[in-house]
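# Coordinate inspection notes
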Amino acid sequence: SKFKPDNLNRIFYDKILKLSVDSERAKGDESFVADKDWYVYNANYGTSEEKDFVRMLARQIDKLKEKYDGIYLIRNERHFKIYNFSDGQPFEPDFVLFLKEKDGSFLTYQLFIEPKGKHLKAHDKWKEGFLKEIKDYFKDKVLEFSAGSKYRLAGVPFYNNQDENRFKESFFAVLE
C-alpha cells in the first residue's frame, strides 16, 4: 500500500504504437480529442469502451471545471504499473486522471480508471477489487511528496458504457 512519487515526464513519454489496421484501436479519434485541452495526447487509440469513456468524461468536463483546474486525462499505454496489495500482481490501468482543486489547497486528485467491456469484467474482477482497495485505503489520506504538493489517490469501479450512470455516481462520490 505504498506509492512513490515520480515526475510525469519520466513516466509518460511519446511512443510509437504498432496497431493492426483491422483493429478497433486503429482509429485514433483525432477529430474528437483535437479540441480537448484536458486530454493529453492528440489521439485516442483505445478500444471502443475506452473511447466511450473519454466521450463520457467530455460530457462531465464543465461540471469538473467548477471545482478543478489542471484537469488532465492521460492514457496509460504501458507507461506504468501498479501492484495489487495482496499478491503483487501487476496492473496497468488504462487511464490516470489528475484534478487539481481550485481552492488554493494545492490538492491534486489522482484517479486510476479502467474501462472494461462486460465480457471481460468477470475475468478481471481482481483489478476492480484492487481499484476499490485503493479507494478505501487512501480515502482519508493526503500524500505530501514535496512542499505544497498534496495528492489524494483513488480508484473507481470499471467504466462500462452500459453501466455509465453507476460509474458516474462512484466517480463523483470519490471526489467529495
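Structure shown above.
Source: prediction; values computed, not measured. Positions within a chain are numbered from 1, following the residues in the order the chain's sequence is written. Restriction of local features to residues with pLDDT of at least 70 applies here, the model being predicted, together with a cutoff of 80 or more for giving and counting side-chain atom pairs; totals for whole chains, interfaces and linings are based on all residues. With hydrogens and water stripped out, all remaining heavy atoms of the structure feed into the side-chain values.

What follows concerns the pattern of salt bridges. Definition used for salt bridges: Asp or Glu carboxyl oxygen within 4 Å of a side-chain nitrogen of Lys or Arg. Under the defined criterion, the tally for this structure stands at 11 salt bridges. Lys116 is the partner of Glu114 in a salt bridge, and the nearest nitrogen-oxygen pair spans 3.0 Å. Note on exposure labels: buried denotes an accessible area under 20% of the residue type's maximum, exposed denotes more than 50%, and partly exposed covers the range between, all computed with a 1.4 Å probe on protein chains only. Residue classification places Lys116 among the buried residues on the basis of a relative accessible area of 7%. Here Lys135 makes a salt bridge to Asp136, at a shortest N to O gap of 3.7 Å. A relative accessible area of 31% places Lys135 in the partly exposed class. Bridged by salt links that share partners, the residues Glu114, Lys116, Asp124 and Lys127 form one connected network.

Turning our attention to the sheet that holds strand S1 (residues 68–75). Only strands joined by at least two bridges in the DSSP assignment are considered to pair. In this text, helices come from DSSP runs of H or I with a minimum length of four residues, and strands from runs of E with a minimum of two, each type numbered from the N-terminal end. Read across the open sheet, the five strands follow the order S1-S4-S5-S7-S6; overall the sheet is mixed. At either margin of the open sheet sits one strand with a lone partner, and together these are S1 and strand S6 (143–146). Direction aside, neighbouring strands of the sheet carry axes that sit 25 degrees apart on average. Where S1 lies against strand S4 (residues 95–101), six bridges are found, and the strand directions are antiparallel. Considered in S4, the bridge of Arg75 is made with Phe95. Its contacts with the sheet place helix H3 (residues 48–65) against S1, S4 and strand S5 (107–113), and it is angled at close to 175 degrees to S1. In what follows, a contact means two residues having at least one pair of non-hydrogen atoms within 4.5 Å. With axes taken as lines fitted to C-alpha atoms, and helix axes fitted only over the stretch in contact, angles between N-to-C directions fall between 0 and 180 degrees. Sheet strands touched by helix H6 (residues 164–174): S4, S5 and strand S7 (149–155). Its angle to S5, the strand with the most contacts, is close to 150 degrees.

We now examine the nonpolar core. Counting 28 residues, the largest nonpolar core has Phe53, Leu64, Leu111 and Phe171 as the members making the most contacts within it. At the level of elements, helix H2 (30–33), H3, S1, S4, S5 and H6 are the ones that each hand at least two residues to this core. The element contributing the most residues to this core is H3, with six residues. In this structure Leu111 touches Phe95, Val96, Leu97, Leu99, Ala154, Val156, Phe171, Val174 and Leu175, once residues within four positions along its chain are discounted. As used here, the term nonpolar core means buried Ala, Val, Leu, Ile, Met, Phe, Trp, Tyr and Cys residues forming a set that is joined through side-chain atoms within 4.5 Å. Residues Ile82, Ile134, Leu143 and Phe158 belong to the second largest nonpolar core, which totals 14 residues.

A few words on the side chain of Glu128. With respect to the helices, strands and loops of the structure, Glu128 is situated in helix H5 (residues 125–137). Judged by relative accessible area, Glu128 falls into the buried class, the value being 18%. For Glu128, the residues in contact, after removing those within four places along its chain, are Lys121, Pro157, Phe158 and Arg166.

To continue, consider the environment of His79. When you line up the elements, His79 lands in the loop between S1 and strand S2 (82–83). Counting along the chain gives 13 residues from His79 to Glu92, while the straight-line C-alpha distance between them is 8.1 Å.

Nothing here speaks to function; it is all geometry.
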